[in-house]
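Structural characterization, general
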Amino acid sequence: MTKIIDGTEVAAAIREDLSAGIDTLAEAGEHPTLATVLMSDDPASETYVSMKQDDCEEVGIEAIDIEIDPEASASELYGTIDELNADESVDGVLVQMPVPDHVDKRAVLRRIDPAKDVDGFHPENVGRLVAGDARFKPCTPHGIQKLLAHVGVETAGAEAVIVGRSEIVGKPMANLLIQRSPDGNATTTVCHSQTADLAAKTRRADILIAAAGVPELIDGSMLRSGAVVIDVGINRVDANNEKGYELVGDVEFETATEKASAITPVPGGVGPMTRAMLLYNTVKATSQERGVAVELP
Ligand code: NDP
């Protein structure tokens, strides 16, 4: 029997533990505050931001919602970031990606105060992660580490194969898994669109992490028997239902469950964890900046 890893349940437990941390901060007179900045009218980005706002409200983090006209100049966005950096009541700053083409995404990431960079994408925070001294672990790979721990997967000595090398999932995931740490110590392979014979690589995996953004790229024939499969992909495909589409992962669930010992579903696997770990980083930012010790889950 393949275990279905319930990310919704694990994320709920993390949120509950974070609430205790938020109470500790409140007792010390501190109230975590996250500012989200949206410079886009893409409905998916709008949805992501509103979900983040709702999550904050649920656990008692104050959320500031800033929207900038996508036609506005890059300097307007930079000015907003500068103000949030300087605002002592703001603990975390997140600019929802993607930003419009006329805005330099890397300049945006460099502009955010690294101490408030709860996404963990500022070069200083990327460097710290690589050096094994993470300030903020990026939310998706951090959530995956929590899921692996939850199902009792031993990463030390395991063959981990990651499909995808993006800055937000694949690369930080690899950096976390190779760290000399209890939730690292894996022998890690990173695959991408130029990888030759992908199936030969994925079949080596004790832990397979699929983050390619290609619907059902990985099927059961590409898995080793007993592999733990983490499906990061969220892909919309046409479907004959009311909405006209459904969400599928990067893994073909039906055939994968014939081989995997455990697997995350889509939706309900990695997605809820990504959201929970943003709250985690916001509480951590508040704790660090205000000098109030908080026990993190
Ligand atoms: P990107 O498009 O930034 O990166 C995709 C990566 O996959 C690239 O490195 C690309 O290679 C590689 N790739 C693409 N096609 C193939 C292929 N056929 N074989 C092997 N590798 C391939 O995507 P993201 O990392 O941002 O996201 C990946 C997926 O995860 C998406 O579906 C996204 O929606 C989802 N996602 C889900 C999250 C969640 O919380 N559940 C959070 C973030 C993302 P190359 O570098 O050569 O182009």
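In short, a report on the structure. (Residues numbered from 1 in each chain as written. Predicted model: local features only at pLDDT ≥ 70, side-chain atom pairs only at ≥ 80, totals over all residues. Heavy atoms only, no water.)

This part covers helix H6 (residues 139-150). Taking 1.5 Å of rise per residue, the 12 residues of H6 would be expected to cover 16 Å, and the 16 Å separating its terminal C-alpha atoms lies within 8% of that figure. Most of H6 sits out of view: nine of its 12 residues are buried. Among the residues making up H6, those that are buried are Cys139, Thr140, Pro141, His142, Gly143, Ile144, Gln145, Leu147 and Leu148. (Helix = DSSP H or I, 4+ residues; strand = E, 2+ residues; numbered from the N terminus. Expected span 1.5 Å × (residues − 1). Buried < 20%, exposed > 50% of the residue type's maximum accessible area, 1.4 Å probe, protein only.)

Bringing the sheet that holds strand S5 (residues 159-163) into the picture now. The parallel open sheet is built from six strands, whose spatial order is S1-S11-S8-S7-S5-S6. Of all strands in the sheet, those with a lone pairing partner are strand S1 (3-4) and strand S6 (187-191), marking the two edges. When strand S7 (residues 207-210) meets strand S8 (residues 228-231), the two strands line up parallel, connected through four bridges. Across the sheet, Ile207 pairs through a bridge with Val228, a residue of S8. (Pairing = 2+ DSSP bridges.)

What follows deals with the environment of Glu154. Structurally, the position occupied by Glu154 is in the loop between H6 and S5. As for Glu154 and Lys137, which are separated by 17 residues in sequence, their C-alpha atoms are 20 Å apart.

The next thing to look at is unusual backbone geometry. For the bond from Met97 to Pro98, the omega torsion is 0 degrees, close enough to zero to count as cis. Inspection of the secondary structure puts Pro98 in the loop between strand S4 (92-95) and helix H4 (105-111). In the segment running from Val266 into Pro267, the intervening peptide bond is cis, with an omega of -5 degrees. Structurally, Pro267 can be placed in the loop between strand S11 (262-263) and helix H10 (270-290). Notably, Asn185 is not glycine yet its phi reads approximately 60 degrees, a positive angle.

The next subject is the sheet that holds strand S3 (residues 62-67). Within the open sheet, the three strands sit side by side as S3-S2-S4. Their pairing is parallel. One side of each edge strand has no neighbouring strand; the edge strands of this open sheet are S3 and S4. If you compare each strand with its neighbour and ignore which way they point, the axes differ by 15 degrees on average. Taken together, the six bridges between strand S2 (residues 33-38) and S3 define a ladder with parallel strand orientation. Bridging across to S3, Val37 finds its partner in Ile66. Its contacts with the sheet place helix H2 (residues 43-59) against S2, S3 and S4, and it is angled at close to 170 degrees to S2. (Axes fitted to C-alpha atoms, helices over the stretch in contact; angles between N-to-C directions. Contact = heavy atoms within 4.5 Å.)

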